[in-house]
Amino acid sequence: MEQTVVLVKPDAVKKQVIGKIITYLENAHFHLVAGKFTRLTDEIIDRWYKHHQDKPFFPELKKFMMETPVMAMIWEGEGVVAKVREICGPTDSLKAPKGTIRGDLGTDIQYNVVHASEDEENAKREIGLLFELTPQG
Ligand code: CMP
């Protein structure tokens, strides 16, 4: 069955909206099959966002992602990768329509409350990084 990774980012953890974010995904009838509240390390962020390492926003992104632990989850269901990205809305919260997670809860392009895997290949890579290579807890 298709799987995707959703990270609830530090801005959402601080706003105490982890439960709300889970509700958007449950309402779409996807299944939460794994989850952990965990601090991202320097190494994991470098590997997670390797395609963004040369971007000017990368240092700020890294700092932001380490502000608090993140809630990392694996969600499962038919077409879950694309559908969850739709439910999240576009990267820039200011451009995200109301009714999407980022449109309702996000602040801007950086503080956009969630990360969702881009495609199935990235979902597998991200599951490997957070759920297979690192100890639980
Ligand atoms: P995410 O979908 O996790 O992918 C990369 C993250 O970098 C993005 O969400 C934002 O939190 C952050 N970011 C900050 N500035 C930008 C930008 N200009 N373009 C894309 N992502 C950005």
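Residues numbered from 1 in each chain as written. Predicted model: local features only at pLDDT ≥ 70, side-chain atom pairs only at ≥ 80, totals over all residues. Heavy atoms only, no water.

## Overview of the overall build of the protein
Consideration 1: Scanning the protein from terminus to terminus reveals seven helices and four strands.
Consideration 2: Each helix (α) and strand (β) of the protein, taken in turn from the N terminus, gives the series β-α-α-β-α-α-β-α-α-β-α.
Consideration 3: Taking 2.2 N^0.38 as the reference for a compact globule, 137 residues should give roughly 14 Å; the C-alpha atoms of the protein span a radius of gyration of 14 Å, in line with that estimate.
Consideration 4: Its C-alpha atoms give the protein principal-axis dimensions of roughly 35 × 35 × 25 Å. (Helix = DSSP H or I, 4+ residues; strand = E, 2+ residues; numbered from the N terminus. Rg over C-alpha atoms; globule rule 2.2 N^0.38 Å.)

## Structural notes on the packing of aromatic side chains
Consideration 1: In total, this model carries one aromatic pair according to the counting rule given.
Consideration 2: Above the plane of the ring of Phe131 lies Lys36, whose end atom (NZ or CZ) is 5.6 Å from the centre. (Phe/Tyr/Trp six-rings, centres within 6.5 Å; stacked < 30°, edge-to-face > 60°. Lys NZ or Arg CZ within 6 Å of the ring centre and 35° of its normal.)

## Observations regarding the pairing of strand β1 (residues 3–8)
Consideration 1: Counting buried positions along β1 gives five out of six residues, so the element sits mostly inside the fold.
Consideration 2: For β1 and strand β3 (residues 70–76), the ladder comprises six bridges, and the chain directions are antiparallel. Across the sheet, residue Val8 finds its bridge partner in β3, namely Met71.
Consideration 3: Pairing of β1 with strand β4 (residues 114–116), which is carried by three bridges, proceeds in the antiparallel orientation. Within the sheet, the bridge partner assigned to Leu7 lies in β4 and is His115. (Buried < 20%, exposed > 50% of the residue type's maximum accessible area, 1.4 Å probe, protein only. Pairing = 2+ DSSP bridges.)

## With respect to the UniProt feature "binding site: ATP" (unreviewed entry) in the protein
Consideration 1: UniProt's entry tags Lys9, Phe57, Arg85, Thr91, Arg102 and Asn112 with the feature "binding site: ATP" (unreviewed entry), counted in the numbering of this structure.
Consideration 2: By secondary structure assignment, the location of Lys9 is in the loop between β1 and α1 (10–15).
Consideration 3: Leaving out residues up to four positions away in the same chain, Lys9 has contacts with Tyr49, Phe64, Met65, Val70, Gln110, Asn112, Val113, Val114 and His115.
Consideration 4: Within the secondary structure, Asn112 sits in the loop between α6 (101–105) and β4.
Consideration 5: Classification of Asn112 by relative accessible area gives buried; the value is 2%.
Consideration 6: Leave out the neighbours within four places in its chain, and Asn112 touches Lys9, Asp11, Thr91, Ser93 and Arg102. (UniProt positions renumbered as here; feature names shortened; annotations may be inferred. Contact = heavy atoms within 4.5 Å.)

## Quick look at the nonpolar core
Consideration 1: Of all hydrophobic cores here, the largest spans 22 residues; its most connected members are Ile21, Trp75, Val84 and Ile101.
Consideration 2: When contributions to this core are tallied by element, the ones reaching two or more residues are β1, α1, α2 (18–27), β3, α5 (80–88), α6 and β4.
Consideration 3: Broken down by element, this core gets its largest block of residues, five residues, from α5.
Consideration 4: Other than its neighbours up to four places away in sequence, Trp75 contacts Glu2, Gln3, Thr4, Val6, Ile22, Leu25, Glu26, Phe30, His31, Leu32 and Val80.
Consideration 5: Within the second largest apolar cluster, 18 residues are counted, among which are Leu7, Trp48, Val70 and Ile74. (Core = buried A, V, L, I, M, F, W, Y, C linked by side-chain atoms within 4.5 Å.)

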